[in-house]
Amino acid sequence: MNRLQTLFENKKERVLSIYFTAGFPRLEDTIPTMEAIESAGADIIEIGVPYSDPIADGPTIQDSNMIALANGMSLNKLFDQIKNMRNSVSIPVVLMGYLNPIIQYGMERFLQKCQEVGVDGLILPDLPMQQYLDEFKEMFEKYGLSNTFLISPQTSEQRIRQIDEHSQGFIYMVSSHSITGAKTGLTEDQINYFKRVQSMNLKNPRLIGFGISDGETFMNASKYSNGAIIGSAFIKTVKNSVDLKESIHTYIKSVIQ
């Protein structure tokens, strides 16, 4: 079992995953951000690999991608930054990115590098399941990496069960059929969707993302899943922080208390 699987074996509820963009707000903030996320009490670190066309992301994360790229962030730079991360970071680390730059880098080379530096899993929103099964599944298994698929309110039960069958780590439940972004509260439609998936008794744990921004939305989402993912609200917190570590600690503790 990798760190993700061990986490979910030991913690069944209120799992908090924090997303941030590598190289944002400053190029060398990647490791300090990771260390602060862990020491503040989050359970999973999700590193966004900056990309020029992040189709699933809203304005806040798009903006962080542009700033990180302008700062000089790249896959090579990211791997160089996190090559010794396991000296100071012990919780699971997941990379979230888009297929194009990874294919250019070379999928097997990318997966091998992930294993070398201690990454536990990947979220690739634009990787079709069939392509994963046909071309990459054996590679993921070879390097001990979990692959997380996304589901949304529009995803059919058949598709959800197929994703559950071929997933390791967790299933990413997109809370609504829209781009990422911090929102207030959960709608009745969203809650019905959460309950519907909850009743399917899937084998993989589920984390809810998109629109989770504070302690209230985190707590509500956790009623219907194993926890939640916060991205945009966290990005806003660190963007203008004077003291990065203090800002991260204050924000995360406000979510989990």
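A short tour of the structure in this document, coming up. Remember, predicted model here, so these are calculated numbers, not experimental data.

Thresholds applied
Residues numbered from 1 in each chain as written. Predicted model: local features only at pLDDT ≥ 70, side-chain atom pairs only at ≥ 80, totals over all residues. Heavy atoms only, no water. Helix = DSSP H or I, 4+ residues; strand = E, 2+ residues; numbered from the N terminus. Rg over C-alpha atoms; globule rule 2.2 N^0.38 Å. Contact = heavy atoms within 4.5 Å. Areas by Shrake-Rupley, 256 points an atom, 1.4 Å probe, with all protein chains shown as cover. Pairing = 2+ DSSP bridges. Buried < 20%, exposed > 50% of the residue type's maximum accessible area, 1.4 Å probe, protein only. Arc of directions from axis to C-beta. Polar contact = N/O pair within 3.5 Å; in protein donor to acceptor, adjacent residues only side chain to side chain.

Quick notes on the overall build of the protein
When its secondary structure is counted, the protein shows 12 helices and 9 strands. Rg of the C-alpha trace for the protein: 17 Å, near the compact-globule value of 18 Å for 257 residues, within the 12% margin. Once local pairs closer than 6 in sequence are excluded, the contacts in the protein between residues at least 24 apart make up 75%. Total accessible area on the protein stands at roughly 10,900 Å², and carbon and sulfur atoms take up 47% of it.

Overview of the sheet that holds strand E1 (residues 15–21)
Taken together, the 9 strands give an open sheet; going across it, the order is E5-E4-E3-E2-E1-E9-E8-E7-E6, and neighbouring strands pair in parallel fashion. If you trace the sheet from one side to the other, it starts and ends with strand E5 (146–148) and strand E6 (150–151), each paired once. Relative to strand E3 (residues 93–96), strand E2 (residues 44–48) runs parallel, the two sharing 4 bridges. Across the sheet, Gly48 pairs through a bridge with Met96, a residue of E3.

Some details on helix H1 (residues 3–10)
For H1, the full list of buried residues reads Leu4, Leu7 and Phe8. For H1, the angular spread of buried residues about the axis comes to 90°, placing them on one side. Looking at the packing, one finds that the buried side of H1 touches E1, E2, E3, strand E4 (121–123), E5 and strand E8 (206–209). Where H1 begins, one side-chain oxygen reaches toward the backbone nitrogen of Leu4, 3.0 Å away; that side chain belongs to Asn2.

Let's talk about helix H8 (residues 157–165)
Looking at H8, one finds that the buried residues are Ile160, Ile163 and Asp164. All buried residues of H8 project into a common sector of 100° when viewed along the axis, lining one side. Looking at H8, the residues exposed on the side facing more than 90 degrees away from the buried face are Gln158 and Glu165. Residues of H8 that are buried sit in contact with helix H7 (129–142), E6, strand E7 (171–174) and helix H9 (188–198).

Function cannot be read off these values alone, since they describe shape.
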